[in-house]
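Single-letter residue listing:
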Amino acid sequence: MNELELKYGCNPNQKPSRIFMRDGSDLPITVLNGKPGYINFLDALNSWQLVRELKAATGLPAAASFKHVSPAGAAVGLPLSEVDKKIYFVEPDAELSPIACAYIRARGADRLCSYGDWAALSDVCDAATARYLKYEVSDGIIAPGYTDEALEILKTKKKGNYNVVKIDPDYVPAPQEYKDVFGVTFQQGRNNFKIDESLLTNIVTQNHDLPQQAKVDMIVALITLKYTQSNSVCYVKDGQAIGVGAGQQSRIHCTRLAGNKADNWYLRQHPKVLGLQFVEGIRRPDRDNAIDIYTSDEYEDILADGVWQQTFTVKPEVLTAEEKKAWIATQTGVTVGSDAFFPFGDNVERARKSGAAYIAEPGGSIRDDHVIATADKYNMTMCFTGMRLFHH
């Protein structure tokens, strides 16, 4: 099949709409269920590239959770801790494969932003992954294959309309890309730049300590950024993106946004949050929203009399600003990646507040010396990769 007609483009008024192959060859995808739309396919094809490259670079199963052509999260398939299982709503007796762990962690980076996501898997989707997805609000999934059991589970979502796309893992895209804007065609070479550990040898700080897990985290950050709308900054810990700041015009705003998301991810592990007692039968999105409000400055919106009873069986104690600050200060071992150079040391200062110990960025600013000095002040390890990763 060379083309696939779509209902409409980005918006309902943008018709006709289709995806097709310019060279007349067959599309590398097969729709197994549902009817994906224009933005669905943008998410699917971008997210597939991310997980495919992440698997190739780390040797580990990889997953991503995409919304509006940027990852809300990405991760490799490392085992879940008991705390992970609790904050990601994993059933205690659930079977967890490596690819299931990868997706659970990818979605867990920012569960609010992953609401209605597009899921991407580097490996065949198994029943363990499908069973977890069954109870999450999601628009669709792309993977190189599906077990029979997984496909049957996924076909029950969204009243049978859940979008399931299979992609040919051996497909190689054309070396040139084209895009029309206002009737003008843009052409560029596809970004085939390979991200691996060889990119991490130029350590510019006094501290040269770069353990293997930090290298993996740098790779996760950089490949995530390669498929994130620029400007972008990504915080990673233990092979999992924990904060992605996408599409900001100011670098420091990216760093703050991603850092705030990383802080929110860590606050979900605070004992007061883990101890929240929810009413029976509460939906996962409602739990996510409740936790987000509870840990924010707007906590009164959910703790007011007559309101909290709709969500909790016992009224929670306030998680004070002092408690939040003290908890976030215990975060350590975080890696931060940037798709372009840090122009000022303020980005390093902000990253440090969210536990950053390792930084990977291209370098090349006229103030590199100031950025390096700021990293040295906190005994961080920073690599200059020499490669910008803008994505538009």
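Just above, that's the structure.
So, how was this worked out
Residues numbered from 1 in each chain as written. Predicted model: local features only at pLDDT ≥ 70, side-chain atom pairs only at ≥ 80, totals over all residues. Heavy atoms only, no water. 1 Å grid on protein atoms, 1.4 Å probe; cavity = no way out; pocket = protein on both sides within 12 Å on 5 of 7 lines; lining within 4 Å. Points joined across faces, edges and corners; volume = space filled by probe spheres on them. Nonpolar A, V, L, I, M, F, W, Y, C, P; charged D, E, K, R; others polar. Helix = DSSP H or I, 4+ residues; strand = E, 2+ residues; numbered from the N terminus. Buried < 20%, exposed > 50% of the residue type's maximum accessible area, 1.4 Å probe, protein only. Polar contact = N/O pair within 3.5 Å; in protein donor to acceptor, adjacent residues only side chain to side chain. Contact = heavy atoms within 4.5 Å. Salt bridge = Lys/Arg side-chain N within 4 Å of Asp/Glu carboxyl O. Expected span 1.5 Å × (residues − 1). Patch = residues over 30% accessible without salt bridge, like charges linked within 9 Å, V, L, I, M, F, W, Y side chains within 5 Å. Areas by Shrake-Rupley, 256 points an atom, 1.4 Å probe, with all protein chains shown as cover. Disulfide = S-S within 2.5 Å. Lys, Arg positive; Asp, Glu negative; His and termini not counted. Charge placed at Lys NZ, Arg CZ, Asp CG, Glu CD.

Caption draft 1: Focus on the layout of surface pockets. Considering only enclosed or pocket space, the largest pocket measures out at about 2200 Å³ in volume. What lines the largest pocket is a set of 47 residues, among which Leu42, Leu45, Glu177, Tyr178 and Lys179 lie closest to the centre. Of the residues in the lining of the largest pocket, the class split is 24 nonpolar, 13 polar and 10 charged. Its volume calculated, the second largest pocket comes out at about 460 Å³. Secondary-structure elements contributing two or more residues to the lining of the second largest pocket are α1 (38-58), β4 (62-67) and β6 (117-121). In terms of residue class, the lining of the second largest pocket is built from eight nonpolar, seven polar and seven charged.

Caption draft 2: Molecular detail of the side chain of Ser70. Note on placement: Ser70 falls in strand β5 (residues 70-76). Its relative accessible area of 8% is what places Ser70 among the buried residues. At 3.0 Å, the side chain of Ser70 forms a polar contact with the backbone nitrogen of Gln229.

Caption draft 3: Representation of the environment of Arg18 within the structure. With respect to the element layout, Arg18 can be found in strand β2 (residues 17-20). The exposure class of Arg18 is partly exposed, given its relative accessible area of 40%. Along the backbone, Arg18 and Ser70 are 52 residues apart, and their C-alpha atoms lie at a distance of 21 Å. Leave out the neighbours within four places in its chain, and Arg18 touches Glu3, Leu4, Glu5 and Leu6. Side chain to side chain, Arg18 and Glu3 meet in a polar contact 2.5 Å long.

Caption draft 4: Spotlight on the pattern of salt bridges. Counted by the stated rule, this structure contains 21 salt bridges. Arg111 is the salt-bridge partner of Glu136, the closest N and O atoms lying 3.0 Å from each other. With a gap of 25 residues between them, Glu136 in the loop between α4 (127-134) and β7 (138-143) and Arg111 in the loop between α3 (98-108) and β6 connect regions that are remote in the sequence. In this structure, Arg131 and Glu149 form a salt bridge, with 3.2 Å as the shortest nitrogen-oxygen distance. Here Arg131 is found in helix α4, whereas its partner Glu149 is found in helix α5 (residues 148-154), with 18 residues between them in sequence. Judged by relative accessible area, which is 33%, Arg131 ranks as partly exposed. Take Glu149: its relative accessible area is 46%, and that puts it in the partly exposed class. When salt bridges with common partners are traced through the structure, they connect Arg107, Arg111, Asp117, Glu136, Arg268, Arg284 and Asp288 into a single cluster.

Caption draft 5: Region of interest: the environment of Val273. The residue Val273 is located in helix α8 (residues 271-274) in this model. Taking the C-alpha atoms as reference points, Val273 and Ile219, 54 residues apart in sequence, are found 31 Å from one another. Setting aside its immediate chain neighbours within four residues, Val273 contacts Leu267, Arg268, Ile291, Tyr294, Thr295 and Leu319.

Caption draft 6: Looking closely at helix α6 (residues 212-226). End to end, α6 covers 21 Å across 15 residues, agreeing with the expected 21 Å (1.5 Å per residue, within 8%). Taken together, the buried positions of α6 are occupied by Ala214, Val216, Asp217, Met218, Ile219, Val220, Ala221, Leu222, Ile223, Thr224, Leu225 and Lys226.

Caption draft 7: A look at a nonpolar patch on the surface. Among the surface-exposed residues, Val181, Phe182, Val184 and Phe186 lie close enough to one another that they form a single nonpolar patch of about 460 Å² accessible area. With respect to the element layout, Phe186 can be found in strand β10 (residues 184-189).

Caption draft 8: Up close: the state of the cysteines. Inspection of every chain in the model, using the stated rule, returns zero disulfides. No disulfide involves Cys113; its nearest neighbouring cysteine sulfur is the one of Cys234, lying 13 Å away. With relative accessibility at 31%, the residue Cys113 sits in the partly exposed group. Left without a disulfide partner, Cys125 is nearest to the cysteine sulfur of Cys101, which lies 13 Å away.

Caption draft 9: Structural detail: α1. For α1, which comprises 21 residues, the first-to-last C-alpha distance of 31 Å matches the rise-based estimate of 30 Å (1.5 Å per residue) to within 8%. Taken together, the buried positions of α1 are Asn40, Phe41, Asp43, Ala44, Asn46, Ser47, Trp48, Gln49, Leu50, Val51, Glu53 and Leu54. Positive backbone phi, at 75°, marks Gly59, one or two positions downstream of α1.

Caption draft 10: Representation of a negative patch on the surface. Negative charge collects at one region of the surface, where Asp292, Glu298, Glu300 and Asp301 lie side by side. Relative to the assigned elements, Glu300 resides in helix α10 (residues 300-303). Exposure remark for Glu300: the relative accessible area of 57% places this residue in the exposed category.

Limitation: the analysis is restricted to geometry and does not speak to function.
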